[in-house]
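Reading the structure
Each chain, written out:
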Amino acid sequence: MPLELNPMQGHVPVGFMAAAGLLRVAPQGARLSWNPTSQTAELHGVEREAILDHLVAHMAGRHQSPELQIADDVRKFDVEAFRAQYDAADESLAEWLRAWWREDGKDGKAETTDLCLTGGPQRMIKMARELAQDLDPTRKKGAEKAVRAKFEEALFGPWRYADARASWGWDPATYRPGALTSDAPTSMKLAGVAGAYWLAWESQPLFPCLHGQGTLGFEHRPRAWTWPTWAEPLDIHAVPALLRQPQEAPALGGKRYRSGIVFAGQIQWFEPGMVVG
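Just so you know, these numbers come straight off a predicted model, no measurement behind them. (Residues numbered from 1 in each chain as written. Predicted model: local features only at pLDDT ≥ 70, side-chain atom pairs only at ≥ 80, totals over all residues. Heavy atoms only, no water.)

Focus on the overall build of the protein chain
Each helix and strand counted, the protein chain has eight helices and twelve strands in total. Relative to a compact globule of 277 residues, whose C-alpha radius of gyration would be 19 Å, the protein chain shows 18 Å and is just as compact. Taken over the C-alpha atoms alone, the protein chain extends approximately 55 × 50 × 50 Å along its principal axes. With 277 residues in all, the protein chain has 51% of them scored as buried. A fraction of 71% describes how many contacts in the protein chain between residues 6 or more apart in sequence connect residues 24 or more apart. Between the centroid of the 30 positive side chains of the protein chain and the centroid of its 34 negative side chains there is a distance of 5 Å. (Helix = DSSP H or I, 4+ residues; strand = E, 2+ residues; numbered from the N terminus. Rg over C-alpha atoms; globule rule 2.2 N^0.38 Å. Buried < 20%, exposed > 50% of the residue type's maximum accessible area, 1.4 Å probe, protein only. Contact = heavy atoms within 4.5 Å. Lys, Arg positive; Asp, Glu negative; His and termini not counted. Charge placed at Lys NZ, Arg CZ, Asp CG, Glu CD.)

Below, the structure is given as structure tokens:
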């Protein structure tokens with residue numbers, strides 16, 4: 001029987017990304033599907049305790065990974081620096097470089113991933129590095145148990161939104177328009193789901209920047225992101241092919257969703273996804 005990942009909803013951008021990121025870092029042989037009725041994620045080929053053990057081990061020293069040292073932010077990155085990094089990179093680093101930048105920017109800058117919804121003082125990569133440090137099981141005594149609990153919450157819920165971490169705009173549940181709050185959104189306390197947000201972060205290499213187009217799945221007039229779900233269990237080698245041909249989702253028992261983008265000041269957020277016909 002597959003593991004039911006009830007908090008990871010296929011119509012919610014961060015839920016879809018977290019499930020995809022989980023598959024990307026899961027042990028070899030793992031497969032992912034979506035319940036055709038509830039559209040919740042299902043993980044095949046690995047047991048509950050084994051996947052939690054794997055994720056805890058994965059986070060040991062993760063904040064020191066090469067891609068998290070390149071810069072603090074993806075914005076305003078020099079195209080020549082991108083080329084130099086790419087020429088020297090192994091495939092593990094290169095897939096992150098392809099996810100964040102492409103060469104056809106302006107004024108000597110690389111064009112940035114459309115998944116960068118951060119703004120103002122936020123620094124996308126720095127935020128991830130700090131989150132990875134928080135989730136490092138070796139950072140202090142007792143941290144392993146705490147990190148395991150974060151991933152157990154991420155995979156099996158409920159999401160309590162008790163972590164002072166931002167979702168990079170990927171979680172519609174954290175959208176706080178200033179007109180509907182008593183305080184400015186930038187001054188309000190963060191409330192997030194650390195383990196789920198990290199898994200969403202890990203999905204980015206599945207959505208590379210395409211020359212002359214933008215990040216895989218994005219539309220620009222108006223700005224929106226489209227992605228598929230699927231009912232047939234797929235491994236990490238099959239999923240990228242479907243992401244490039246999302247119109248094939250119904251043939252695999254899935255759906256296509258589109259999420260628009262809204263603003264709160266300088267920061268952007270995804271909206272909940274709507275089914276695309």
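Further notes follow.
Side note on the packing of helix α1 (residues 13-25) against helix α7 (residues 194-201)
Packed helices, taken two at a time, are described by their axes: the angle between them and the distance between them. It is at 6 Å that the axes of α1 and α7 come closest, and there the two elements cross at 70 degrees. Overall, the two elements α1 and α7 adopt an arrangement that is roughly perpendicular. When the axes of α1 and α7 are compared, the crossing they make is left-handed. Facing α1, whose interface residues are Val14, Met17, Ala18, Gly21, Leu22 and Val25, α7 presents Ala196, Tyr197, Leu199 and Ala200. Considering only residue class, the contact of α1 with α7 consists of nine nonpolar, one polar and no charged. (Axes fitted to C-alpha atoms, helices over the stretch in contact; angles between N-to-C directions. Parallel < 35°, antiparallel > 145°, perpendicular 65-115°, else oblique. Left-handed = near helix turned anticlockwise from the far one by under 90°. Nonpolar A, V, L, I, M, F, W, Y, C, P; charged D, E, K, R; others polar.)

So, the state of the cysteines
Applying the stated criterion across every chain, the model contains zero disulfides. Of all cysteine sulfurs, the one in Cys116 lies closest to Cys209, which takes part in no disulfide; the gap is 10 Å. A relative accessible area of 11% means that Cys209 is categorised as buried. (Disulfide = S-S within 2.5 Å.)

Brief notes about empty space enclosed by the protein
Scanning the entire structure with this criterion turns up one cavity of 30 Å³ or more. Computed from the structure, the largest cavity encloses a volume of approximately 40 Å³. When residues in the lining of the largest cavity are grouped by element, the largest group, four residues, is from strand β9 (residues 223-228). Of the residues assigned to the lining of the largest cavity, the class counts are seven nonpolar, two polar and no charged. (1 Å grid on protein atoms, 1.4 Å probe; cavity = no way out; pocket = protein on both sides within 12 Å on 5 of 7 lines; lining within 4 Å. Points joined across faces, edges and corners; volume = space filled by probe spheres on them.)

Details of unusual backbone geometry
The residue after Gly157, namely Pro158, is reached through a cis peptide bond having omega -5 degrees. With respect to the helices and strands, the residue Pro158 is situated in the loop between α6 (143-156) and α7. At the junction of Arg221 and Pro222, the peptide bond is cis and its omega measures out at -5 degrees in the coordinates. With respect to the helices and strands, Pro222 occurs in the loop between β8 (218-220) and β9. For Trp168, which is not a glycine, the phi torsion comes out positive at approximately 60 degrees. The residue Trp168 is located in the loop between α6 and α7 in this model.

Quick word on the packing of α6 against α7
Running from N to C, α6 and α7 cross one another at 75 degrees; their axes reach a closest spacing of 7 Å. With respect to each other, α6 and α7 are oriented roughly perpendicular. Where α6 approaches α7, its residues Lys150, Phe151, Ala154 and Leu155 are matched on the opposing element by Gly195, Ala196, Trp198 and Leu199. Residue composition of the contact of α6 with α7, by class: six nonpolar, one polar and one charged.

Remember that the coordinates give geometry; whether it matters functionally is a separate question.
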